[in-house]
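Fold and contact review
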Amino acid sequence: MNPILSTVDNEIERLTAFLIDQQQQDGSWHFCFENGIVIDAYVIILFRILNVQNEALIRQLHDRILAEQQSAGFWQLYRDEEDGNLSTSVEAYYALLYSGYSKVTDEPILRAKHYIQSKGGIGKVTSILTRVILAATGQSKWPLSISSIPLEVLLFPSYFPINYFEFSGYSRVHLTPMLIMADRRFSISTVNAPDLSDLIDTRIEDAEPASRGYQELQDVIQTGLSRLLGSPRYIHEVARTKAEQFILQRIESDGTLYSYATSTILMVYALLALDYDQQHPLIMNAIDGLTSMQCRSESKTTIQNSPSTIWDTALIAYTLQEAQIPDHHLAIQRATSYLLTRQQHKTADWSIHNPDTTPGGWGFSESNTINPDVDDTTAALRAIRSLSITQPSYLESWNRGLNWVLSMQNKDGGWPAFEKNTNKEMLTWLAIDGAKSAAIDPSEADLTGRTLEYLGNFADLDARNEFIGRGVKWLIQHQEKDGSWYGRWGVCYIYGTWAAITGLQAVGLPLEHETLQKGANWLLSIQNSDGGWGESCHSDRFLKYVPLGESTPSQTAWALDALITIQPKSTAAVEKGIERLMMSIHEEDWKTSYPTGAGLPGNFYSNYHSYRYIWPLLTMSHFRKKYGQG
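None of the values given here were measured: they were computed from a predicted structure.

Quick look at the packing of aromatic side chains now. Throughout the structure, instances matching the rule amount to 31 aromatic pairs. Geometrically, the ring pair formed by Phe31 and Tyr613 is tilted, given 5.8 Å between the ring centres and 40° between the ring planes. Residue Phe31 is found in the loop between α1 (4-22) and β1 (33-34), and its partner Tyr613 is found in helix α26 (residues 611-627); the two are separated by 582 residues along the sequence. Each member of the pair, Phe31 together with Tyr613, is buried. Residue placement shows Arg385 over the ring face of Trp398; its charged tip is 4.7 Å from the ring centre.

Below you can see the structure in the form of structure tokens.
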């Protein structure tokens, strides 16, 4: 017997006990979904503007932001962003002063001011969210990239080259409140608002350069406007009403817009722009929803963009079963029962491009009832698989979920995150930082790979099924020249390569196939000297693999899991990786909290506090299952 296996057994036993102990009474798991300081900053600014009486939370968020400042005065999105992040630093500076707990003469504020000025000031900020918040609160003019889009685009018919529902769901719920505010040239301030005028460098030309594609997009918009019937004033009023109704129809029971903190904050400003009273129940409910998104850990408080409760619960329930916790165990019974109650039954925006399909997906967070996604759905289905064999209620849920996943396949053979066939390149021409990733929801290697892995290993389907064959073909065609795949929702090439390899193997691609071997060789070529793997968030920006230089628990687990999938026998490289993985579980440093979840390249990254437990446990379980007999 391989001597490493007894250590693996001990670590599996320890991690399963830890996770079972962390389970909530209702069967869910609540781990923090940490997204940097951006939402903390926006919440402070919004609460001060609305005079929200929650001084304890404002102080905690202030202290958390201040603690994240680096010695050179800046804030980072991730540790190896060595020159800092201007947009994030402006957000932090603004929020610290607006809180009232930092003063312009404080040494950290002076350092931050010097950094911001050295980078060209507010005029050089690229994050569209930052620029919109600054405009909405009276600190800068409205960015042309938003103000040049008329509200009337909401009225363009479905056959037109630009239709509002060709945008991704994520972009729609953020863009709609932005357009309402920009249409009104809205801004709001208070007597205690910080003065950021000394962060504006008047020598810098702030006119926004427009690409040729952007000009073409504007031409298409103007053509669309000319085809709308009615007086301009009437059409505009109809468009404004439609925009308002768009928002109101997508408010969840907790008061949030689409269960995202960022879109909820924008919604509140948009409602104010539409002359809603500051004490209006919709605004008060939104404030309550934002407040409930806070997460406390290690003596700090942060606001999550969308608590990851469903995602974490599904992944942990599945991983525990892979670690040989039986489905009759109380923890599994509770978790699967909880997941059953969170399956969605509403026909919502996803059905616009996918009509005549029965709802059956799962969303990311507890309050999410109208925005299911493919990844959360396959995660939940993995968790309930064994119970669906013996219990009718789970079987019915399983069949609806499976049918929904299959129906979400794109025309090109891959799978999207939220809505199928929303991949119109023209929409990426918007002069908005991150538009290429946010504006559309195309097929992605990680989503396609994870879906194929579920369909192969849990639904017993393989490439003899035509739709599986199309998914396999899509993945093979989208492999990078070096053998890797780009992953959209994890960082980045390690994540995508793991998903693709495990997915292709699950549906029967031969292990000796060149595609799988190239992927495995690429993973081996980037293994760190300590046995682990680590990839920088820079990969997301530069669209090429950038090594982190250190090993992280989740990325090491992903790489190992892929190698274990296609290597018949354990190898020295895999065993060295397993040893490094087991060591990382016991460490507490920046490598264990480095963000490996991706949101918006160059703007938004996530540290899932659950990942350092879930993925190592899953990988060790697969190692034991495959190599445990010799």
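Further notes follow.
With respect to the helices, strands and loops of the structure, Lys544 is situated in the loop between α22 (538-542) and α23 (553-566). Each C-alpha atom of the pair Lys544 and Glu480 lies 9.5 Å from the other, and the pair is 64 residues apart in sequence. The contact partners of Lys544, leaving out residues within four places of it in the chain, are Tyr493 and Ser539.

Another point: the sheet that holds β1. Strand order in the open sheet formed by three strands is β1-β5-β4, and the pairing between neighbours is antiparallel. Strand pairing shows two members of the sheet lacking a second neighbour, β1 and β4 (597-600), which therefore form its edges.

This next bit is on the packing of helix α14 (residues 330-341) against helix α15 (residues 374-388). Interhelical geometry of α14 versus α15 gives an angle of 120° and a closest axis separation of 10 Å. Taken together, α14 and α15 sit at an angle that is classed as oblique. Both α14 and α15 take part in a crossing whose hand is left-handed. For the pair formed by α14 and α15, the contact residues are Gln333, Thr336 and Leu339 on the first element and Ala380, Ala383, Ile384 and Leu387 on the second. Of the residues in the contact of α14 with α15, the class split is five nonpolar, two polar and no charged.

Turning next to the pattern of salt bridges. All told, the structure shown has 30 salt bridges when counted by the stated rule. With a closest N to O distance of 2.4 Å, Asp83 and Lys119 form a salt bridge. Of the two residues, Asp83 is situated in the loop between α3 (55-67) and α4 (86-99) and Lys119 in the loop between α5 (107-118) and α6 (128-136); the sequence distance between them amounts to 36 residues. Looking at Asp83, the relative accessible area reads 46%, which means it is partly exposed. Lys119 gets classed as partly exposed once you look at its relative accessible area, which sits at 31%. Each of Glu34, Asp40, Arg64, Glu68 and Lys300 takes part in a single network of salt bridges with overlapping partners.

Attention now goes to the pairing of strand β3 (residues 300-303). Of the strand pairs in this sheet, strand β2 (residues 294-297) and β3 are connected by four bridges, and their pairing is antiparallel. Counted as the bridge partner of Ser297 is Lys300 from β3. Counting the residues between successive antiparallel strands, the hairpin from β2 to β3 contains two residues, one of them, Glu298, with a positive phi of roughly 45°.

Definitions and cut-offs
- Residues numbered from 1 in each chain as written.
- Predicted model: local features only at pLDDT ≥ 70, side-chain atom pairs only at ≥ 80, totals over all residues.
- Heavy atoms only, no water.
- Phe/Tyr/Trp six-rings, centres within 6.5 Å; stacked < 30°, edge-to-face > 60°.
- Helix = DSSP H or I, 4+ residues; strand = E, 2+ residues; numbered from the N terminus.
- Buried < 20%, exposed > 50% of the residue type's maximum accessible area, 1.4 Å probe, protein only.
- Lys NZ or Arg CZ within 6 Å of the ring centre and 35° of its normal.
- Contact = heavy atoms within 4.5 Å.
- Pairing = 2+ DSSP bridges.
- Axes fitted to C-alpha atoms, helices over the stretch in contact; angles between N-to-C directions.
- Parallel < 35°, antiparallel > 145°, perpendicular 65-115°, else oblique.
- Left-handed = near helix turned anticlockwise from the far one by under 90°.
- Nonpolar A, V, L, I, M, F, W, Y, C, P; charged D, E, K, R; others polar.
- Salt bridge = Lys/Arg side-chain N within 4 Å of Asp/Glu carboxyl O.

None of the figures reported here should be taken as evidence of function without further support.
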